[in-house]
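# Working through the structure, step by step
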Amino acid sequence: MDHSLSLDAYLDGATLSLEQGSSVATVISDLAHAADELSELIAAGPLYGIDGHSTGMNSGGDQQIDLDVEANGRMCAALRKSSVAAIVSEETELPEIVDSDAELCVAIDPLDGSANLANNISIGTIFSIRRRSRDALSTFFEPGTTQLAAGYFIYGPQTTLVLALDRSVDIFILDRRTRNFVLIRRGVRIPSDTPEFAINMSNQRHWNAAVNAYIDDCLLGTSSEHGEDFNMRWIGSLVAEAYRILMRGGVFLYPADARRNYHEGRLRLLYEAHPMALIMEWAGGAASTGRDRILDLSARMPHQRVPLIMGSVRAVRDLTLLHQRIQPLYESSTAPLFARRGLFL
Ligand code: FBP
């Protein structure tokens, strides 16, 4: 592939036929400039006065570090510059109205997985762009299917942008010589069946029966219902896990579990699950809570959490079937959990 198409040139073409296309292009371009600067700050860290010290808790009760605050400041400044109607940010308790007549609303996680920074592991910025409905705030309470575009930047060995726009998922890399994002991959497709799963196994005793059944089956390898050996990964960084799935398939799970405060999972609907689900589906994959398609869900609160299962269509389908068949059985009877034969039949 010719690596000479810059993000701005790409956006000129890709947004041409979209309603609100030029506003969408402006938002993505402004976020990309902020991501370029943020990536430099992340790479230099302590040299630029960022040492990862705690600045307390954010409104959602998650630990906040200096870089979360810095990222939030830069990303929200970029969105104000683009003149969006309203912003929901992970780091801010209430939605911010910027210009209530503007065309677009944006939900953003300015720095996902920031706790990984101390270990020099990839982290990212996730965003979701919607057309403003009758008023700016109600836009955020519409289903994920109303997203116009979504994407994320990864700050890792390379700084990349994964962008879901106009039903295609395309990938850009930051060329540090020119400080431009450049297209490196168009129309990413997720393999439909890859024997690889990602889940935080330390929570196994808290999972529901359907998730336990699925992972138990994966661990059985060739003697399992799946009939193949599985590989496992857990990076603890949503953006990095999603990138691996886009490259080679597999499934990522952050399910609801029995721990206090995890009854709706850990991840947030508006700025983590909705944008990831759009990316997965437009790349030929799927995303579900185990019971419902993520894109069909509407948030009830700006920082609502949701269980997230995403990746290759076969794995998401199998997990959905297990939630339909095993979990109700488990919830309603004291009978043995399930028979291993015919798990997905
Ligand atoms: P934040 O939203 O607090 O940054 O946390 C999100 C996240 O780091 C995801 O990127 C990752 O998938 C998950 O939390 C890891 O959670 P856990 O530490 O419970 O495995």
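Residues numbered from 1 in each chain as written. Predicted model: local features only at pLDDT ≥ 70, side-chain atom pairs only at ≥ 80, totals over all residues. Heavy atoms only, no water.

## A short note on the sheet that holds strand E11 (residues 196-198)
Note the following rule: Being paired, for any two strands, means DSSP has found at least two bridges between them. Helix numbers and strand numbers start at the N terminus; a helix is a DSSP run of H or I with at least 4 residues, a strand a run of E with at least 2. It only takes one pair of heavy atoms within 4.5 Å for two residues to be counted as in contact. Here the axes come from fitting lines to C-alpha atoms, over the contacting stretch only for helices, and the angles between their N-to-C directions go from 0 to 180 degrees.
Spatially, the five strands line up as an open sheet ordered E12-E11-E13-E15-E14, and their pairing is mixed. What marks the edges here is a single partner per strand, and that holds for strand E12 (231-232) and strand E14 (286-288). When E11 meets strand E13 (residues 251-254), the two strands line up parallel, connected through two bridges. Residue pairing across strands places Phe197 opposite Val251, the latter belonging to E13. Along the sheet face, helix H7 (residues 269-282) touches E14 and strand E15 (308-311) and points at about 25° away from the line of E15.

## A short note on the domain arrangement of the protein
Applied cut-off: Domain segmentation is taken from an automatic or database assignment of domains. Buried area is understood as the total, over both parts, of accessible area removed when two parts are fitted together, assessed with a 1.4 Å probe.
Per the domain assignment, the segments making up the protein are domain 1 (7-185) and domain 2 (196-325). On a C-alpha basis, the centroid separation for the pair domain 1 and domain 2 is 23 Å. Each partner contributes residues to the interface: domain 1 has 46 residues there, and domain 2 has 32 residues. Contact between domain 1 and domain 2 buries roughly 2900 Å² in total, counting both sides, with carbon and sulfur atoms accounting for 64%.

## Notes on the packing of helix H1 (residues 7-14) against helix H2 (residues 21-44)
Helix packing geometry: the angle between the two helix axes and the distance between the axes. Threshold: Orientation labels follow simple angle bins: below 35 degrees gives roughly parallel, above 145 gives roughly antiparallel, 65 to 115 gives roughly perpendicular, and whatever is left gives oblique. Crossing handedness is defined as follows: a turn of the near helix away from the far one that is anticlockwise and smaller than a right angle gives a left-handed crossing, while the clockwise case is right-handed. For this classification, the nonpolar set comprises Ala, Val, Leu, Ile, Met, Phe, Trp, Tyr, Cys and Pro, the charged set comprises Asp, Glu, Lys and Arg, and every other residue, Gly included, is treated as polar.
Interhelical geometry of H1 versus H2 gives an angle of 165° and a closest axis separation of 10 Å. Of the possible angle classes, the one that applies to H1 and H2 is roughly antiparallel. The way H1 lies across H2 gives a crossing that is right-handed. Facing Leu7, Asp8 and Leu11 of H1, the residues of H2 in contact are Ala25, Ile28, Ser29, Ala32 and His33. Looking at side-chain class alone, the contact of H1 with H2 contains five nonpolar, two polar and one charged residues.

## Comments concerning the pairing of strand E5 (residues 104-112)
Put simply, the rule is: Partly exposed describes any residue whose relative accessible area lies between the buried limit of under 20% and the exposed limit of over 50%, with all areas from a 1.4 Å probe on protein chains only and scaled to the type maximum.
Burial within E5 is extensive, with nine of its nine residues counted as buried. Bridge count between strand E3 (residues 86-89) and E5: four bridges; the pairing is parallel. Counterpart to Ser89 in the pairing with E5 is Ile108. Where E5 lies against strand E6 (residues 123-131), seven bridges are found, and the strand directions are antiparallel.

## Re the environment of Ser298
The topology assignment puts Ser298 in the loop between E14 and E15. A residue is classified by how much of its surface remains accessible, and Ser298, at 32% relative accessible area, is partly exposed. Separated by 80 residues in the primary sequence, Ser298 and Cys218 have C-alpha atoms spaced 32 Å apart. Those residues in contact with Ser298 that lie beyond four places of it in its chain are Phe141, Glu142, Pro143, Leu269 and Gln304.

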